[in-house]
Structure formats: structure tokens, C-alpha cells
Amino acid sequence: MRIGILGSGLMGAKLGTIWARAGHEVAFSYARSKEKLNKLARDAQGNARAGAPRDAAHDADAVLLAVHWSRVDDVLKQAGDVAGKVIVNCSLPMNADNTDLVIAHTSSGAEELAKKAPKARVVSAFNTVPSEVLFGVFESRRKASKPSLVYCGDDTKSKKIAAELIRDVGFDPVDAGPLRIARYTEPFALLVVQLAYEGEGGPELAYRFERFGRKG
Ligand SMILES: NC(=O)c1ccc[n+]([C@@H]2O[C@H](COP(=O)([O-])OP(=O)(O)OC[C@H]3O[C@@H](n4cnc5c(N)ncnc54)[C@H](OP(=O)(O)O)[C@@H]3O)[C@@H](O)[C@H]2O)c1
């Protein structure tokens, strides 16, 4: 697939690198320096390039949105027309100091994003996982037992694409249902952060939750 990375920070840089190594064609965009994007593309050891958000989104089969909530409008403006695009959203609707969600319970960041880009096909994924574990999951992707990762969205075709991308990282994708389920997965992501950074043995607990009732 051609994948446009909108936001090449902790999440975007790691996921883009992994997808390039998994054989996808990746375009890194949206960082504060062009040099950083060029270096990411060079270091990815796969088919990767650096560009502006508009180039990254233009021909993409899927776009990863990975910016702070306060930058969503700006990056969407720079990306231009995203009608029909699959947007895999890992951005959480966090306040300025990243202590709380600014949208929860009655809506979600994913649903608000779908309103901002009404013709795009939004899937919420990867926001329940700390970026620190991504390379480790990718390196152990051939093991039989994989950590689960929940995703949700309203469009079946886009969800298939998101599930493939989740699998390529090394997770077992778990379809949590329609996009409005992000009202529950986004607060869950906050719990994951608490566990990962404040609880004992947190990182392990934070991403190795398993599907109830699954055998083996
Ligand atoms: N980090 C995690 O473990 C994690 C986990 C789950 C969900 N999330 C969510 O995922 C989203 C991304 O998180 P992150 O940790 O990857 O954030 P991040 O490291 O801060 O990355 C954001 C990217 O946006 C770029 N950026 C910020 N302001 C910009 C500007 N004015 N112009 C151009 N580029 C700009 C940054 O550039 P620079 O590279 O130059 O700084 C960076 O590449 C957030 O919504 C977060 O809540 C993060």
C-alpha cells in the first residue's frame, strides 16, 4: 500500500518505519524540520520518502493521522482534499498539557475528526498502545501469540485496510465495532497511559490485554 504519514513524531515515525520495513510505500510528512523527515525516510530501510502533507496524502491508500489534537485542523488543511481517503486516526483528543481528554463519553476525537473530514473514511486505531512497544511487537511478529489491538470504524473496506496494517505491525486486530465505540476506546487509551507510565509492570499490562474467551 501507499501510506501517507501525517505527523512524524513518536507514533508516526515508528509506524511509518515499520510499514516501510513491512514492504509498504511510505511518505513521512508534518514535522518541524524537513531534515528530520529526510532522515526518517533514509533510516526506514524500506521504500520511504519525505514530503509535504499534500504529497503524502495525495495518492495514499491509507493515511495515518498522528498529531496532537491541537494540530489536527492545521494538518488537514495542509493535506488538502481527503475525500474518499482511509484515515487511520491514532490522535487522541488531549488538552494542551496532555492530562485529560477534551472530548469524551458523548462523542470522541474519532467522530469529531469524521465531521472535520466528512468525505474521508475514518478508522480509529493504534491510540490504545504506547509508542514504546511498537518496534518490540514488530520484531516478535512471527510468534504464535500476539498482543491484541482494538480498532473501530463505520466503513467495512477501510476497516479491512486498517486490520491489515495492524497485522503488519504484529498485533492481532480486534474489531470493536462502529466509530462511536471510540467514545470508550479513547478513555481506555488514557488508562493505558496511566498503566504504562505509572503502574508497576505497566507496559506489559497496557498492551497485552487479550480477547475474552479466546483459547490458547
Ligand atoms: N506517543 C504515544 O505513545 C501515543 C500513544 C497513543 C496515542 N497517541 C496520540 O497520537 C498523536 C501523536 O502522538 P505523538 O506522541 O506521536 O506526538 P508527537 O511525538 O508530538 O508527534 C507529533 C508530530 O507533529 C509534528 N508537529 C507538531 N507541531 C507542528 C507544527 N507546528 N508544524 C509541523 N509539524 C508539527 C511534530 O514535529 P516534530 O517531530 O518536529 O516534533 C511531530 O512530528 C497524539 O494525538 C497522541 O495523543 C500517542
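Refer to the structure above for everything that follows.
It should be emphasised that the depicted structure is a prediction, and the values quoted were computed from it without experimental measurement.

Procedures and definitions
Residues numbered from 1 in each chain as written. Predicted model: local features only at pLDDT ≥ 70, side-chain atom pairs only at ≥ 80, totals over all residues. Heavy atoms only, no water. Buried < 20%, exposed > 50% of the residue type's maximum accessible area, 1.4 Å probe, protein only. Helix = DSSP H or I, 4+ residues; strand = E, 2+ residues; numbered from the N terminus. Pairing = 2+ DSSP bridges. Expected span 1.5 Å × (residues − 1). Arc of directions from axis to C-beta. Near = heavy atom within 4 Å. Polar contact = N/O pair within 3.5 Å; in protein donor to acceptor, adjacent residues only side chain to side chain. Areas by Shrake-Rupley, 256 points an atom, 1.4 Å probe, with all protein chains shown as cover. Core = buried A, V, L, I, M, F, W, Y, C linked by side-chain atoms within 4.5 Å. Contact = heavy atoms within 4.5 Å. Salt bridge = Lys/Arg side-chain N within 4 Å of Asp/Glu carboxyl O. Lys, Arg positive; Asp, Glu negative; His and termini not counted. Axes fitted to C-alpha atoms, helices over the stretch in contact; angles between N-to-C directions.

Peer 1: Break down the pairing of strand 5 (residues 86-89) for me, with residues and values.
Peer 2: Judged by which residues are buried, strand 5 turns out to be covered on both faces: V86 and V88 on one side and I87 and N89 on the other are all buried. In terms of strand pairing, strand 4 (residues 62-65) meets strand 5 through four bridges, oriented parallel. If you follow V63 over to strand 5, its bridge partner there is I87. Here strand 5 runs beside strand 6 (residues 121-125); their pairing, made up of four bridges, is parallel. By the bridge assignment, V88 is partnered in strand 6 with V123.

Peer 1: Please provide a residue-by-residue account of helix 8 (residues 182-198), values included.
Peer 2: A rise of 1.5 Å per residue sets the reference length of helix 8, with its 17 residues, at 24 Å; its end C-alpha atoms lie 23 Å apart and thus fit the reference within 8%. Those residues of helix 8 that sit buried are A182, T185, E186, A189, L190, V192 and A196. Considered in projection along helix 8, the buried side chains sweep an arc of 155° and stay on one side of the axis. Exposed residues lying more than 90 degrees from the buried face of helix 8 are Y184 and E198.

Peer 1: Report on the site of the ligand, specifying residues and quantitative values.
Peer 2: Of all residues adjacent to the ligand, which total 20 residues, the nearest are M11, R32, K36, V67 and S131. Separating an oxygen atom of the ligand from a backbone N or O atom of M11 is a distance of 2.8 Å. Between the ligand and the protein, one listed contact pairs an oxygen atom with a backbone N or O atom of C90 at 3.3 Å. Within the complex, the protein chains bury 78% of what would otherwise be the 890 Å² of accessible surface of the ligand.

Peer 1: Quick rundown of the nonpolar core? Include the residues and the values.
Peer 2: Ranked by internal contacts, the top residues of the largest apolar core, which has 37 residues, are W19, F28 and F126. If we skip the residues at most four places from it in the chain, F126 touches M11, L15, W19, V88, C90, L149, L165, I166 and V169. Grouped together as the second largest cluster of nonpolar side chains are 26 residues, L6, W69, V82 and C152 included.

Peer 1: With reference to specific residues and values, describe the pattern of salt bridges.
Peer 2: Scanning all chains against the criterion turns up eight salt bridges. We note a salt bridge from E111 to R183, for which the minimum N-O separation is 2.7 Å. Highlighted residues: E111 in helix 5 (residues 109-116) and R183 in helix 8, separated in sequence by 72 residues. On the accessibility criterion, E111 (13% relative accessible area) is buried.

Peer 1: For helix 1 (residues 10-21), give the residues involved together with the corresponding values.
Peer 2: Relative to the 16 Å expected for 12 residues at 1.5 Å per residue, helix 1 spans 17 Å between its end C-alpha atoms, a close match to the ideal helical length. Extensive coverage of helix 1 is indicated by the burial of 10 of its 12 residues.

Peer 1: Lay out the environment of T99 in plain terms, naming residues and giving numbers.
Peer 2: With respect to the helices and strands, T99 occurs in the loop between strand 5 and helix 5. A sequence separation of 91 residues divides T99 from L190, and the C-alpha atoms of the two residues are 9.0 Å apart. At 2.7 Å, the side chain of T99 forms a polar contact with the side chain of D97.

Peer 1: Give a detailed account of the side chain of E186, specifying residues and quantitative values.
Peer 2: Assignment of secondary structure puts E186 in helix 8. Buried within the structure, E186 lacks any salt-bridge partner; R183 is the closest side chain of opposite charge, at an N-O distance of 8.6 Å. Of note is the side chain of E186, whose polar atom sits 2.7 Å from the backbone nitrogen of G109. Contacts of E186, omitting those with residues within four sequence positions, involve L92, P93, L101, S108, G109, A110 and N127.

Peer 1: So, the sheet that holds strand 6: which residues are in play, and what are the values?
Peer 2: If you walk across this open sheet you meet the eight strands as 3-2-1-4-5-6-7-8, and the pairing is mixed. Either end of the sheet is taken by a strand with one partner, and the two such strands are strand 3 (47-50) and strand 8 (172-175). Along the sheet, successive strands turn relative to each other by an average axial angle of 25°, direction set aside. Relative to the sheet, helix 1 contacts strand 1 (2-6), strand 2 (25-29), strand 3 and strand 4, its axis offset from that of strand 2 by approximately 160°. Along the sheet, helix 7 (residues 156-169) makes contact with strand 1, strand 4, strand 5, strand 6, strand 7 (148-153) and strand 8, crossing strand 7 at roughly 160°.

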